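# Coordinate analysis (summary)
Residues per chain are reported as follows:
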Amino acid sequence: MSRMRFGIFLPPHHVPVGQNPTYSLQRDVELVQLLDRMGFDEAWFGEHHSCGVEPIGDPMLFIAHTAQVTKHIKLGTGVVSMPYHNPFMIADRLVLLDHLTRGRAMLGVGPGALATDAIMFGLDPADARQALETDVDVLMHLLRNDEPLSIETPRYKLVEARLQMDSYSDPHPEIATAAIVSPSGPRLVGKHGLGMISIGATMSAAGFDALAHHWNVVEERAKEFGQQTDRSGWRLVGPMHIADTKDQAIKDVAYGIDAWFDYLQHTAAAPQLGVQGKTTKERIDFVMDSGMGGIGSVDDAVE
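Report on the accompanying structure. Computed from a predicted structure; not experimentally measured.

Together, Met240, Ile242, Val298 and Val302 make up a nonpolar patch on the protein surface, roughly 420 Å² of accessible area in all. Of all the secondary-structure elements, those providing two or more residues to the nonpolar patch are strand S10 (240–242) and helix H11 (298–302). Residue placement: Val302 occurs in helix H11. The class of Val302 is exposed, set by a relative accessible area of 69%.

In this section: helix H7 (residues 211–225). Across its 15 residues, H7 extends 21 Å between first and last C-alpha, which sits within 8% of the 21 Å expected from 1.5 Å per residue. By the burial criterion, the buried members of H7 are Leu211, His214, Trp215, Val217, Val218, Arg221 and Ala222. When H7 is viewed along its axis, its buried side chains cluster within an angular range of 155° and face the same direction. Facing away from the buried side of H7 by more than 90 degrees, the exposed set consists of Ala212, Glu220, Lys223 and Glu224. Buried residues in H7 make contact with helix H5 (128–144), strand S7 (175–179), helix H6 (184–192), strand S8 (195–198) and strand S9 (234–236).

To continue, consider the packing of H5 against H6. Helices that pack against each other are described as a pair by the angle of their axes relative to one another and the distance between those axes. Put simply, H5 and H6 touch, their axes get as near as 11 Å, and they point 20° apart. Compared by their axis directions, H5 and H6 come out roughly parallel. Classified by chirality, the crossing of H6 by H5 is right-handed. On H6, the residues that touch Arg129, Leu132, Glu133, Val136, Asp137, Met140 and Arg144 of H5 are Ser184, Leu188, Lys191 and His192. Residue composition of the contact of H5 with H6, by class: four nonpolar, two polar and five charged.

Scanning the model with the defined rule gives ten salt bridges in all. In the salt-bridge network here, residues are joined through shared partners; they are Glu42, Glu174 and Arg235.

Ordered by their spatial adjacency, seven strands build an open sheet running S1-S2-S3-S4-S7-S8-S9, and the pairing between neighbours is parallel. The strands lining the two open edges of the sheet, one partner per strand, are strand S1 (7–10) and S9. Neighbouring strand axes in the sheet, compared pairwise and without regard to direction, differ in orientation by 20° on average. Where strand S4 (residues 105–110) and S7 come together, three bridges link them in parallel fashion. Bridging across to S7, Val109 finds its partner in Thr177. Here helix H1 (residues 21–38) sits on the sheet and contacts S1, strand S2 (42–45) and strand S3 (74–81); the angle it forms with S1, its principal contact strand, is near 170°. Contacts from H6 reach S7 and S8, with the element oriented near 155° to S7.

What follows concerns the pairing of S1. When S1 meets S2, the two strands line up parallel, connected through four bridges. Within the sheet, the bridge partner assigned to Phe9 lies in S2 and is Trp44. Crossover handedness for the path S1 to H1 to S2: right-handed.

Leaving glycine aside, a negative phi is the common case for residues, and trans is the common case for peptide bonds. Here Pro11 and Pro12 are connected by a cis peptide whose omega angle stands at -10°. The linkage connecting Val15 with the following residue, Pro16, adopts the cis geometry, with an omega of -5°. Mapping Pro16 onto the fold places it in the loop between S1 and H1. Even without being a glycine, Arg102 presents a positive backbone phi close to 55°. Position of Arg102 among the secondary structure elements: in the loop between helix H3 (87–100) and S4.

Rules used throughout
- Residues numbered from 1 in each chain as written.
- Predicted model: local features only at pLDDT ≥ 70, side-chain atom pairs only at ≥ 80, totals over all residues.
- Heavy atoms only, no water.
- Patch = residues over 30% accessible without salt bridge, like charges linked within 9 Å, V, L, I, M, F, W, Y side chains within 5 Å.
- Areas by Shrake-Rupley, 256 points an atom, 1.4 Å probe, with all protein chains shown as cover.
- Salt bridge = Lys/Arg side-chain N within 4 Å of Asp/Glu carboxyl O.
- Helix = DSSP H or I, 4+ residues; strand = E, 2+ residues; numbered from the N terminus.
- Buried < 20%, exposed > 50% of the residue type's maximum accessible area, 1.4 Å probe, protein only.
- Expected span 1.5 Å × (residues − 1).
- Arc of directions from axis to C-beta.
- Contact = heavy atoms within 4.5 Å.
- Axes fitted to C-alpha atoms, helices over the stretch in contact; angles between N-to-C directions.
- Parallel < 35°, antiparallel > 145°, perpendicular 65-115°, else oblique.
- Left-handed = near helix turned anticlockwise from the far one by under 90°.
- Nonpolar A, V, L, I, M, F, W, Y, C, P; charged D, E, K, R; others polar.
- Pairing = 2+ DSSP bridges.
- Right-handed = clockwise from strand over helix to strand, strands pointing away.

Purely spatial values, then, with no claim about function.
Structure representation (structure tokens):
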């Protein structure tokens with residue numbers, strides 16, 4: 001029987017705004033080094049360009065650095081916002097990263113989490129999911145097919161494009177799509193036989209209730225496109241803070257939970273990840289009572 005695997009989804013959040021960015025990034029690297037020593041299986045890093053709280057603008061570059069100071073942990077983009085990029089360049093960088101890390105790199109893809117990012121690039125956030133589908137089609141062709149590809153979209157043009165070298169991993173690094181509520185990510189998982197990262201999987205209404213629907217979509221699309229489904233590539237993401245006792249855990253999270261909630265409620269403004277509460281106690285109670293996350297001891301986390 002295979003064991004359960006553990007990882008961290010690290011956007012990362014550095015709240016409130018105003019922290020030293022150099023030191024914040026250093027803390028992120030040191031956290032991954034600690035997880036590597038502890039035996040965690042993987043770590044995923046987000047791509048964000050506005051709001052000032054999630055300072056990693058290029059998770060692939062962050063992986064290239066972090067891989068040099070870790071030994072075993074696999075490192076993934078959580079996620080690369082594909083509509084912001086030419087998919088050829090993402091494929092090309094992924095293959096390079098795959099060689100440099102000897103197969104420890106993973107690529108998570110998504111439409112982009114912050115509307116403020118898309119607007120800054122002159123993109124309509126409403127077009128992001130359709131753009132993602134096109135971009136993943138291009139990405140997977142480049143990684144799996146030697147036939148040159150030509151395509152023109154409103155965002156880029158490729159002429160007889162093909163990668164100049166194969167991946168280190170066979171047939172290519174692991175690729176996963178993000179999923180929250182919309183079935184657009186699961187549709188791509190089934191179409192291309194990818195992994196899936198269910199962000200907000202423990203959010204009672206928006207996340208947890210969508211999981212069964214998402215996997216049904218994966219299986220239906222896999223059957224349509226002749227792909228095999230495999231739940232071993234499915235990651236479920238939920239917040240946890242574990243201490244020796246529940247009282248200690250509650251005391252710990254009282255330090256930063258208000259700034260985190262304020263960011264999710266007023267800046268990131270992602271309705272799929274809606275959190276409730278105005279006071280510190282209300283917010284801690286919401287996490288525990290709603291089942292959104294675990295704040296407590298190891299036993300509380302298991303439960």
